[in-house]
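Spelled out, the chains give:
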Amino acid sequence: MIENLMGRIIVALPDGIWGIVALFAIIAVSLVILSKAADMLVDEAVSLSVRWGVPKMIIGATIVSLGTTLPEVTVSVVSALNGIPDLAMGNAVGSIICDTGMILGIAALIKPLPFEKKVINRQSWMQFAAGLLLVLTAFLAGRNGNIFTDGGQIPQFVGWIYLGLLALYIWFSIRQARKDRHVKNSEDTAGESAGPVASTWQIMVKLLLGMFLVIISSKVLIPAVQEVAIRLHVPQTVIAATLVAFGTSLPELVTAIASTRRGHGDLAIGNIMGADILNVLFVVGCAASVTKGGLLVDARFFRLLFPVMLFVLIIFKGSVLLSKKTLKRPVGMVLLVAYIAGTIASYFMG
C-alpha cells in the first residue's frame, strides 16, 4: 500500500531538471534513513549481546554483519517482489564490490589494519567461496545460450539453499568463535559492558523501530531509483551497483572508519568479510527465494560486474595470505583503484 502510494507520487513528479532534483532528494533521504536505521539495529544488537554475555567476536561475525546488511536485504527483496531483478542482483554484487574495494581500501589508507592471521584467513576463504558460488550458480543454472548476451539465473530453490548455507555459516562462526575465545575476547567484552545498558524491553523496542524504518525507507527508495533510471535512460543494473549499493553500504563504511580510527582495524575487516558473505547467502538468498521464476541475472553481470567482484575478492585474499599481521596502505590503494575503475567501466559498458 505504502509502496504503491509512493510509486504514484514519484511518477507524478514534473519532468525536467526539478523533477530529477526532487527524485535525487528522495533517494538521498531514503538512503540516510536506511543507514541510520541500520546503525540503530547494530547498536541495539550489540547491547543485547553484551547483556546476554555473547563474546565480541561472535557479535562481529554474525550480529553486526547481519545488521549492516539489512538495507541490502530489504532493498533486494522488495526489488525482486516488484519484478526488478537487475536492482536486486546489482545491489548485492555492487555492495560486495563497494565493501571490499572502496570501504576496505579507504580504511587501509587511513591506517594499516591489524588482524589475527588464523581468524582472518579462515573467514576470507569463506568470503571468496561465497562470491565464487554466486557466479557459478548463475552460470550453471542460467538460461540456454551465451551468458555474455543472454545472461543467467538464480533459481528459487537455490535461494533456499543459500539460506540453508547462511544458517550453517552462522553456526560455524559461533562454534569457531567459542574455540578462539581466548583471543582478546574477555577484554573486549568487558570493555563493551562497562557503560550503562538499557533494559531488554527498551533494546527490543529500538530493534523493532530500526527494522520498521529500514522497511519503509526501502519501499520509498525502490520506485525513486526506478524512475531516475527511466528518466535518465540509465540501466537499472548500473544504478543498483553504484548509487544504491553505495548508500546501503554506508553502515559498513561508517563502522570501518570509526573502528580504524579507534585502533580496531580487525573489527572493520571482520565486519566487511561477514557482510560480503551475507550479501550472497542472505541478500541474494532472500531475493531469489521470494521470486517464483527465479532471479534473472543480466548479461552485464557476466561481462563486467562479476569479474570486478572476483578481482577485488582475489586482491583481498591474496593480501591476507601475503600479509603477516596488518593490511597495509598499498593494498588499500589497489582495492580503491579497482572499485573506482569498475564503477567508471559500469557506466561506459552498461
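Residues numbered from 1 in each chain as written. Predicted model: local features only at pLDDT ≥ 70, side-chain atom pairs only at ≥ 80, totals over all residues. Heavy atoms only, no water.

Observations regarding the overall build of the protein chain
In terms of helices and strands, the protein chain carries 15 helices and four strands. The buried share of the protein chain, taken over its 350 residues, is 54%. In the protein chain, of all internal contacts separated by at least 6 residues, the share reaching a separation of at least 24 is 86%. Surface accessibility of the protein chain: about 15300 Å² in total, with carbon and sulfur atoms responsible for 70%. (Helix = DSSP H or I, 4+ residues; strand = E, 2+ residues; numbered from the N terminus. Buried < 20%, exposed > 50% of the residue type's maximum accessible area, 1.4 Å probe, protein only. Contact = heavy atoms within 4.5 Å. Areas by Shrake-Rupley, 256 points an atom, 1.4 Å probe, with all protein chains shown as cover.)

Side note on the side chain of Ser124
Looking at the element boundaries, Ser124 is found in helix α6 (residues 117–140). Of note is the side chain of Ser124, whose polar atom sits 2.7 Å from the side chain of Lys317. Setting aside its immediate chain neighbours within four residues, Ser124 contacts Met273, Phe316, Lys317 and Val320. (Polar contact = N/O pair within 3.5 Å; in protein donor to acceptor, adjacent residues only side chain to side chain.)

Looking at the pattern of salt bridges
This model, assessed by the stated rule, comprises two salt bridges. The shortest N-O distance in the salt bridge between Glu227 and Arg231 comes to 2.8 Å. Taken together, the residues Glu227 and Arg231, both in helix α10 (residues 200–232) and four residues apart, mark about one turn of the helix. The pair formed by Glu227 and Arg231 is uniform in burial state, with each residue classed as buried. Across the pair Asp298 and Arg300 runs a salt bridge whose closest N-O atoms are separated by 3.2 Å. (Salt bridge = Lys/Arg side-chain N within 4 Å of Asp/Glu carboxyl O.)

A few points about the nonpolar core
Core analysis: the biggest nonpolar cluster contains 64 residues, and Ile154 and Phe306 have the highest contact counts within it. Tallying contributions element by element places helix α13 (residues 265–289) first for this core, with 14 residues. Every residue in contact with Phe306, bar those within four places of it in the chain, is listed here: Met89, Val93, Leu134, Val135, Ala138, Val297 and Phe301. Membership of the second largest hydrophobic core comes to 16 residues, among which are Ile84, Val214, Ala224 and Val228. (Core = buried A, V, L, I, M, F, W, Y, C linked by side-chain atoms within 4.5 Å.)

Let's talk about the packing of α6 against α13
Between α6 and α13, the shortest axis-to-axis distance is 9 Å and the interhelical angle comes to 30°. Relative to α13, the element α6 lies roughly parallel. Like other packed secondary-structure pairs, α6 and α13 cross with a definite hand, here left-handed. Here Ile120, Gln123, Ser124, Met126, Gln127, Ala130, Gly131, Leu133 and Leu134 of α6 lie close against α13, whose contacting residues are Ile269, Met273, Asp276, Ile277, Val280, Leu281 and Val284. Its residues assigned to classes, the contact of α6 with α13 shows eleven nonpolar, four polar and one charged. (Axes fitted to C-alpha atoms, helices over the stretch in contact; angles between N-to-C directions. Parallel < 35°, antiparallel > 145°, perpendicular 65-115°, else oblique. Left-handed = near helix turned anticlockwise from the far one by under 90°. Nonpolar A, V, L, I, M, F, W, Y, C, P; charged D, E, K, R; others polar.)

A few points about helix α4 (residues 70–81)
Taking 1.5 Å of rise per residue, twelve residues should cover 16 Å, and α4 covers 16 Å from first to last C-alpha, within 8% of that figure. In terms of residue burial, α4 counts as a mostly covered element, since ten of its twelve residues are buried. Turning to α4, its buried residues number three or more, namely Pro71, Glu72, Val73, Thr74, Val75, Ser76, Val77, Val78, Ser79 and Ala80. Gly83 sits one or two positions beyond α4 and adopts a positive phi of about 75°. (Expected span 1.5 Å × (residues − 1).)

Looking at the packing of aromatic side chains
The full count for this structure, using the stated rule, is two aromatic pairs. Seen in terms of ring centroids, Phe301 and Phe306 are 5.7 Å apart; in terms of plane orientation they differ by 45°. Their pairing is tilted. For Phe301, a relative accessible area of 0% gives the class buried. Cluster of aromatic residues (ring-pair linked, three or more members): Phe301, Phe302 and Phe306. (Phe/Tyr/Trp six-rings, centres within 6.5 Å; stacked < 30°, edge-to-face > 60°.)

Looking at the environment of Leu321
For Leu321, the position within the fold is in helix α14 (residues 299–322). The partly exposed category is assigned to Leu321, whose relative accessible area is 44%. For the pair Leu321 and Lys117, spaced 204 residues apart in sequence, the C-alpha to C-alpha distance is 8.6 Å. Beyond its immediate chain neighbours, meaning those up to four positions away, Leu321 contacts Lys117 and Asn121.

With respect to a nonpolar patch on the surface
A grouping of Phe157, Ile161, Leu165, Leu168 and Trp171 is seen on the molecular surface, where their side chains present a nonpolar patch of about 520 Å² in accessible area. Of note, Leu168 is situated in helix α8 (residues 156–179). Judged by relative accessible area, which is 48%, Leu168 ranks as partly exposed. (Patch = residues over 30% accessible without salt bridge, like charges linked within 9 Å, V, L, I, M, F, W, Y side chains within 5 Å.)

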